[in-house]
2 protein chains.
Amino acid sequence: MTLPPPGSVVAPVARVGVEAPLGVFDSGLGGLTVVRALRERLPHENIIYLGDNARVPYGTRSPETIIRYALSCARELSERGVKALVVACNTVSAVALDRLRAELDLPVTGVIVPGARAATRAAGEGTVGVLGTLGTISSGAYTRAVASFSSRTEVLGQAAPLLVALAEEGWTEGEVPRLVVRKYLSAFFAPEEAEGFGLPRSAKVGCVVLGCTHFPLFRELIEHEIRELGGRGIPVVDSAQQTALEFEEFLITRGLCALRTEPGTLQLLVTDKPKSFESVASRFLGSSVPAVEQVDLKPC
Amino acid sequence: MTLPPPGSVVAPVARVGVEAPLGVFDSGLGGLTVVRALRERLPHENIIYLGDNARVPYGTRSPETIIRYALSCARELSERGVKALVVACNTVSAVALDRLRAELDLPVTGVIVPGARAATRAAGEGTVGVLGTLGTISSGAYTRAVASFSSRTEVLGQAAPLLVALAEEGWTEGEVPRLVVRKYLSAFFAPEEAEGFGLPRSAKVGCVVLGCTHFPLFRELIEHEIRELGGRGIPVVDSAQQTALEFEEFLITRGLCALRTEPGTLQLLVTDKPKSFESVASRFLGSSVPAVEQVDLKPC
């Protein structure tokens with residue numbers, strides 16, 4: 001298996017200075033796990049985050065609708081003078097990345113290629129198991145991305161929409177999330193348990209990808225249930241962390257890192273209900289949450 | 001306790017003939033449980049159903065956004081010549097009904113007043129327990145509606161968003177939906193079980209209202225868990241069935257029933273992914289599903 005050099009970030013000439021903020025967007029809250037990973041790796045960068053929670057979730061919508069929504073988010077951030085764009089949403093990364101790159105004069109990265117690259121390495125001779133939204137899984141984006149790194153590595157996707165609902169409600173511990181995680185993972189490890197639930201039969205997986213930005217909230221539970229299902233030692237790949245890692249490399253090699261020494265700022269924008277967003281954002285961000293501002297997006 | 005005469009349907013002079021279809025709309029699939037109840041009571045009526053699934057769910061959005069979405073749905077149906085409008089969505093009924101009546105020259109009914117009227121009767125001396133979306137519960141609409149029927153009856157609301165996610169995934173049987181139902185119901189029957197989950201402490205409930213159109217799919221499970229929690233004999237009130245009942249009375253008393261003798265037709269419109277809608281609609285409709293047509297709504 002040979003891995004090509006990083007190609008997840010397509011970079012036109014930067015129009016703005018290195019001190020300009022990074023733009024990050026998602027359909028709602030989930031992308032804050034990517035912001036968290038970015039801030040850990042790039043603590044001096046200013047970040048503007050846009051959560052399009054008036055139209056959440058994207059994961060169940062058609063490709064045409066997702067592209068239209070993604071363009072309106074990206075244009076809002078572009079007009080605010082960001083130096084690069086991180087699409088912190090698996091669904092948009094799966095469906096709209098090429099279109100965003102074609103329409104914007106900015107470097108744009110998604111979360112799928114970094115996740116797929118790490119997964120291809122981690123799976124060894126095994127299959128890559130991906131948990132994601134229905135939109136991400138049915139797009140086949142992880143399958144295509146993994147195939148671009150290794151023609152011999154297979155991908156098995158499992159849509160796990162209930163984990164999104166559980167994360168948004170803060171129900172991340174206890175018997176219900178454990179049983180939900182187990183049911184979804186059984187597609188990878190115990191196909192006989194999956195019978196009757198419409199889940200696919202499984203090959204042996206070599207790693208499990210958290211292919212939705214909500215899923216890091218269940219990481220420990222997922223690792224526990226993998227062990228319970230006989231998968232001890234099978235690694236979990238977090239697309240958010242891999243994206244931050246590759247994006248850091250990209251900024252360094254292009255000389256695009258901010259030069260300031262003080263901590264970077266975080267600005268949070270949403271399209272609906274800022275107070276409600278503020279109250280649950282810390283669960284995803286892993287730190288205190290600044291005031292959240294509501295914006296109206298121009299239709300695309 | 002005295003109940004005022006039916007007032008849930010506000011009726012301007014009908015602009016169209018009695019053979020015109022009924023218009024029914026919801027944010028997605030759930031309203032099909034109301035269509036099912038309407039077709040059982042009014043088998044000769046033609047029905048046009050509009051599911052605004054490009055923008056589902058409404059339940060988590062702000063009142064301003066919900067009103068804007070509801071107006072665009074209502075105008076689409078009005079332009080198709082419906083004789084009356086049923087808002088088959090608790091969230092829209094909670095937030096946008098007055099505005100729809102002000103803007104449309106049509107009789108308009110929602111699902112909350114019929115549900116609240118039946119619940120006030122059913123609760124006797126007890127409290128009315130309502131399961132709904134976050135939007136419906138936080139709107140306080142059931143509390144206001146019950147108060148209009150009885151000043152002595154209290155209402156305890158419990159947001160149950162996971163039941164929506166489970167219904168849409170078809171996961172309506174087994175341990176996970178049972179535990180989720182039990183956790184939500186414990187707010188009504190066993191507040192000590194609800195501790196640590198942010199659920200409110202409870203008074204003794206006299207009935208439980210299915211205050212979301214998705215929840216009739218869990219009716220048997222809810223009835224079972226009410227018994228398990230020591231609530232044997234406590235009735236479950238289905239807002240969809242109550243709405244169909246009051247709407248039938250309204251059509252009869254106003255002479256608005258269709259005169260045809262053949263079975264009524266059903267036309268299904270959606271704003272996104274008609275094939276996907278078609279494949280899961282029968283679960284809610286309880287019968288076979290006609291071809292689903294995609295429409296673009298004009299913005300409001």
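Because the structure is predicted, anything quoted here is derived from the model rather than measured. (Residues numbered from 1 in each chain as written. Chains lettered and ligands numbered in written order. Predicted model: local features only at pLDDT ≥ 70, side-chain atom pairs only at ≥ 80, totals over all residues.)

Asks: I'd like to hear about the pairing of strand S2 (residues 47–51) of chain A, residue by residue, with values.
Replies: Residue and element names in this part refer to chain A. Taking burial as the measure, the five residues of S2 include five buried ones, the bulk of the element. Neither face of S2 is exposed, since Ile 47, Tyr 49 and Gly 51 on one face and Ile 48 and Leu 50 on the opposite face are all buried. Sheet analysis places strand S1 (residues 22–26) next to S2, joined by five bridges and oriented parallel. The partner of Asp 26 across the bridge, within S2, is Gly 51. With helix H1 (residues 32–41) bridging S1 and its parallel neighbour S2, the resulting β-α-β unit is right-handed. Inspection of the sheet shows S2 paired to strand S9 (residues 266–270) by five bridges, in the parallel sense. Residue Tyr 49 lies in a different strand from S9, and its bridge partner there is Leu 268. (Buried ≥ 20, exposed ≤ 12 C-beta atoms within 10 Å, placed from the backbone. Helix = DSSP H or I, 4+ residues; strand = E, 2+ residues; numbered from the N terminus. Pairing = 2+ DSSP bridges. Right-handed = clockwise from strand over helix to strand, strands pointing away.)

Asks: With reference to specific residues and values, describe the relation of the copies chain A and chain B.
Replies: Mapping one chain copy onto the other needs a rotation about an axis and a shift along that axis. Between the two copies, chain A and chain B, the superposition gives an RMSD of 0.0 Å; the rotation angle is 180° and the shift along the axis is 0.0 Å. Both copies of the chain, as the preceding transformation shows, are related through a two-fold rotation axis. Comparing interface residues between copies, 100% of those in chain A also sit at the interface in chain B, which points to an isologous, same-surface contact. (Least-squares fit on C-alpha atoms with pLDDT ≥ 70 in both. Contact = placed C-beta atoms within 7 Å.)

Asks: Explain unusual backbone geometry to me, using residue names and the numbers behind them.
Replies: Residues and elements named next belong to chain A. Val 56 connects to Pro 57 through a cis peptide bond whose omega is -5°. You can see Pro 57 is positioned in the loop between S2 and helix H2 (63–79). In this structure, Lys 273 takes a positive phi of about 45° despite not being glycine. Mapped onto the elements of the fold, Lys 273 is located in the loop between S9 and helix H13 (274–285).

Asks: Now, about the sheet that holds strand S10 (residues 292–294) of chain B: what can you tell me, with residues and values included?
Replies: Residues and elements named next belong to chain B. The strand order across the open sheet formed by six strands is S4-S3-S1-S2-S9-S10, and the pairing between neighbours is parallel. Whereas interior strands pair on both sides, the edge strands pair on one side only; in this sheet they are strand S4 (108–109) and S10. Of the strand pairs in this sheet, strand S9 (residues 266–270) and S10 are connected by three bridges, and their pairing is parallel. Residue pairing across strands places Leu 269 opposite Glu 293, the latter belonging to S10.

Asks: So what's going on with the interface of chain A and chain B? Residues and values would help.
Replies: Chain A puts 16 residues into the contact, and the matching count from chain B is 16 residues. For the side of chain A that touches chain B, the elements supplying multiple residues, two or more each, are helix H8 (161–169) and helix H9 (175–189) of chain A. Class assignment of the residues belonging to the side of chain A that touches chain B gives a composition of eight nonpolar, two polar and six charged. (Nonpolar A, V, L, I, M, F, W, Y, C, P; charged D, E, K, R; others polar.)

Asks: Describe the domain arrangement of chain A, and please don't skip the residues or the numbers.
Replies: Residue and element names in this part refer to chain A. One can read the domain layout of chain A as domain 1 (22–110 + 242–294) and domain 2 (113–239). One C-alpha centre belongs to domain 1, the other to domain 2; they are set 23 Å apart. Counting from both sides, the interface comprises 25 residues of domain 1 and, opposite them, 23 residues of domain 2. Listed by contribution, the elements that provide at least two residues to the side of domain 1 that touches domain 2 are H1, helix H3 (90–95), helix H12 (239–253) and H13. Looking at which element gives the most residues to the side of domain 1 that touches domain 2, the answer is H3, with five residues. Of the residues belonging to the side of domain 1 that touches domain 2, the class tally is 10 nonpolar, 11 polar and four charged. (Domains from an automatic or database assignment.)

Asks: Got a sec to walk through the pairing of strand S3 (residues 84–87) of chain A? Specific residues and values, please.
Replies: Residues and elements named next belong to chain A. The alternating pattern of S3 places Ala 84 and Val 86 on one face and Leu 85 and Val 87 on the opposite face, and all of these are buried. Here four bridges tie S1 to S3, and the two strands are oriented parallel to one another. Following the sheet pairing, Leu 22 is matched in S3 by Ala 84. When S3 meets strand S4 (residues 108–109), the two strands line up parallel, connected through two bridges. By the bridge assignment for S4, Val 86 is matched with Thr 109.

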